[in-house]
Amino acid sequence: MKIIVFGSFNIDKVYSLPYLPERGETLYCQKYEVHVGGKGVNQALAFRKAGAEVIAAGRVGEDGDYLTDWLKANDVNASFVEHGEGYTGHTIIEVAPDGQNQMILFGGANLGITPEYCDRLLDAHRDAELVMMQYETSCVEYMLEASKKAGIPTALNPSPYTEKLKELPYDMVDYLILNESEGKNITGKNDPSDVIDSLLKLCGGKVILTLGDKGSIYSSGDISVSVPAFSVNAVDTTGAGDTFTGYCLYELLCGASPETALKKASAASAIEVTRPGAAETIPSADEVDEFLSRREK
Ligand code: RIB
C-alpha cells in the first residue's frame, strides 16, 4: 500500500530540563540532543514501520541531507523531497522529566513548498492510496484540493493549531486525526463527544480524536469506538501523536476494525514515549504486537 506523507522536515534540538521554564526564567539544561523530526518525517516513519510503502514529500534547506539520508536508510522513499536554499525547518524542544514538552518551531524550507511541486508529486504517484498532511508546511489547502481532484483519499492531522486552521476545506478530508486540544480549538466545544459531532459536520469523513492518558475515539457518524490508553513511564512525548497517526491510519486502510486500529496505534505511541526522541524511537510492528500480547494476557 503506497502512502504519500506530505509534511514537515525538522531538525529537533532537544533540551532536557528539570521542569518547563516560566516566562523570563533562565534554566540550565541537563542534556542536549539533536534528533530527526518534523511531523512529516515522523509520520512517514510511523507508516513505514506499520507496514506501508511510503513516499516522503516536502522540502529541506542546505542542511537537510541529514533528514533525507536518514529516511532513505530507514527504507522510506525520499527521492521526491525538494532541496532548496536556506535553512531546513527546526524545532527547539524543552522536555521535562515526566516527558511533557513545549516547542518553538522555525518553519524554514517547509514554508517554501509551491503548488507546482504538489502537482508534480501527485502526477508521479497517482496510484497512492492516501495523502497524509499536517499543518507545518505551505500549500496544505492546495494539496487537499489537488489530492481530491486526483482521486486520492486524504488524511489531515491539523497540528500545530493556529487560527488559520479554521479556514481549511474540511469537506475535502477523508480522515481527520487530532488531539483533544486541537479539537477544542477548532470547534470551540469542550466535551469530546461534542467536539466529534462538530468535526463530523465539518468533514465528510471519519474522525479520530486522541485524549492523552484517557485513550482515543474513532467515529464515522454511524459507528463510534473508544479504547483506553496504555499506562507507561513516559520520558519524552515528542512524536507520540505522529506514531499514533501512522499506525492507526495504516491499520484502517488495511481493513482492520476501528478497535484494532486504535489499540495498535495506542500501543505504538505508548512504546514511543518511553524513549527520548521522535522518529528514531517509533517501534516496529513486531514490537507493537509483542507489547499488545503482553498487556492483553
Ligand atoms: O510532532 C512532533 C514534531 O513536531 C517534532 O518532531 C517537531 O519537529 C515538530 O514538528
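What counts, and where the lines are drawn
- Residues numbered from 1 in each chain as written.
- Predicted model: local features only at pLDDT ≥ 70, side-chain atom pairs only at ≥ 80, totals over all residues.
- Heavy atoms only, no water.
- Helix = DSSP H or I, 4+ residues; strand = E, 2+ residues; numbered from the N terminus.
- Rg over C-alpha atoms; globule rule 2.2 N^0.38 Å.
- Buried < 20%, exposed > 50% of the residue type's maximum accessible area, 1.4 Å probe, protein only.
- Contact = heavy atoms within 4.5 Å.
- Axes fitted to C-alpha atoms, helices over the stretch in contact; angles between N-to-C directions.
- Parallel < 35°, antiparallel > 145°, perpendicular 65-115°, else oblique.
- Left-handed = near helix turned anticlockwise from the far one by under 90°.
- Nonpolar A, V, L, I, M, F, W, Y, C, P; charged D, E, K, R; others polar.
- Salt bridge = Lys/Arg side-chain N within 4 Å of Asp/Glu carboxyl O.
- Arc of directions from axis to C-beta.
- Polar contact = N/O pair within 3.5 Å; in protein donor to acceptor, adjacent residues only side chain to side chain.
- Near = heavy atom within 4 Å.
- Areas by Shrake-Rupley, 256 points an atom, 1.4 Å probe, with all protein chains shown as cover.
- Core = buried A, V, L, I, M, F, W, Y, C linked by side-chain atoms within 4.5 Å.
- Pairing = 2+ DSSP bridges.

**Student:** Sorry if this is basic, but what is going on with the overall build of the chain here?
**Tutor:** Across its full length, the chain holds nine helices and 14 strands. In summary, the chain has a C-alpha radius of gyration of 18 Å against a globular reference of 19 Å for 297 residues, a match within 12%. With respect to the principal axes defined by its C-alpha atoms, the chain has extents near 50 × 50 × 40 Å. The buried share among the 297 residues of the chain stands at 54%. Taking contacts inside the chain between residues at least 6 apart in sequence as the whole, the part at least 24 apart equals 66%.

**Student:** I'm lost on the packing of helix α7 (residues 240-253) against helix α8 (residues 258-272) in this one. Help?
**Tutor:** Packed helix pairs are specified by the crossing angle of their axes together with the interaxial distance, meaning the distance between the axes. Interhelical geometry of α7 versus α8 gives an angle of 150° and a closest axis separation of 8 Å. The angle between the axes of α7 and α8 places the two elements in the roughly antiparallel class. Crossing hand, α7 versus α8: right-handed. Residues Ala-240, Thr-243, Phe-244, Tyr-247, Cys-248, Glu-251 and Leu-252 of α7 touch α8, and the partners they reach there are Pro-258, Ala-261, Leu-262, Lys-264, Ala-265, Ser-266, Ala-268, Ser-269 and Glu-272. Partitioned by chemical class, the residues of the contact of α7 with α8 number ten nonpolar, three polar and three charged.

**Student:** Mind showing me how you'd approach the pattern of salt bridges here?
**Tutor:** Note on pairing: side chains with opposite charge can pair once their charged atoms come close. Under the counting rule described, the total for this entry stands at 15 salt bridges. A salt bridge links Arg-126 to Asp-123; the nearest nitrogen and oxygen atoms lie 2.7 Å apart. Under the relative-accessibility criterion, Arg-126 is labelled partly exposed at 46%. The shortest N-O distance in the salt bridge between Glu-163 and Lys-166 comes to 3.6 Å. The class of Glu-163 is exposed, set by a relative accessible area of 53%. Linked through salt bridges whose partners overlap, the residues forming this network are Arg-59, Glu-82, Glu-116 and Arg-120.

**Student:** I tried to follow helix α5 (residues 180-187) on my own but got confused; where do I start?
**Tutor:** For an α-helix, 3.6 residues make a turn, and residues three or four places apart therefore share a direction. The complete set of buried residues in α5 reads Glu-180, Glu-182, Gly-183, Ile-186 and Thr-187. Buried positions in α5, seen along its axis, are confined to an arc of 165° and lie on one side of it. Those residues of α5 that are buried are in contact with β11 (175-179), α6 (192-202) and β12 (206-210). Among the residues of α5, the N-terminal cap falls to Asn-179, whose side-chain oxygen and the backbone nitrogen of Ser-181 are separated by 3.2 Å. Positioned one or two residues after α5, Gly-188 has a phi angle of 75°, which is positive.

**Student:** What is the right way to read the site of the ligand from this model?
**Tutor:** Around the ligand, the structure places Asn-10, Asp-12, Gly-37, Gly-38, Lys-39, Asn-42, Thr-91, Met-103, Glu-136, Thr-238, Gly-239 and Asp-242. Contact distances for the ligand include 2.9 Å between an oxygen atom and a side-chain N or O atom of Thr-91. In isolation the ligand exposes 280 Å². Once the protein is present, 96% of that is buried. Looking at the shell around the ligand, the elements that each hand over two or more residues are β2 (10-16) and α1 (39-50). Of the residues assigned to the shell around the ligand, the class counts are one nonpolar, seven polar and four charged.

**Student:** For this particular structure, what's the right way to read the nonpolar core?
**Tutor:** Ranked by size, the top nonpolar core spans 48 residues in total, and within it Phe-47, Leu-71, Ile-208, Cys-248 and Leu-249 carry the most contacts. Here this core gets seven residues from one element, more than from any other, and that element is α8. Look past the residues within four positions of Cys-248 in its chain and what remains in contact with it is Ile-177, Ile-208, Ala-261, Leu-262 and Ala-265. Core analysis: the next-biggest nonpolar cluster, separate from the first, contains 38 residues, Ile-55, Cys-118, Ile-152 and Tyr-170 among them.

**Student:** Any chance you could explain the pairing of strand β7 (residues 89-95) here in plain terms?
**Tutor:** Within a regular strand, the side chains alternate between the two sheet faces. For β7, a buried count of five out of seven residues is recorded, marking the element as mostly surrounded by other parts of the structure. Where β2 lies against β7, seven bridges are found, and the strand directions are parallel. Across the sheet, residue Asp-12 finds its bridge partner in β7, namely Thr-91. Alignment of β7 against strand β8 (residues 101-106), held across six bridges, turns out to be antiparallel. Counted as the bridge partner of Ile-93 is Met-103 from β8. Taking the residues that link successive antiparallel strands as the turn, the β7-β8 hairpin has five residues, and the phi of Gly-99 there is positive, at about 90°.

**Student:** Please clarify how the environment of Glu-272 should be interpreted in this entry.
**Tutor:** For Glu-272, the position within the fold is in helix α8. Using a relative accessible area of 0% as the deciding quantity, one classes Glu-272 as buried. When the C-alpha atoms of Glu-272 and Asp-197 are compared, they prove to be 30 Å apart, with 75 residues separating the residues in sequence. Those residues within four positions of Glu-272 in sequence are excluded, and the remaining contacts are Asp-236, Thr-237, Thr-238, Gly-239, Ala-240, Thr-243, Gly-277, Ala-278, Thr-281, Ile-282 and Pro-283.

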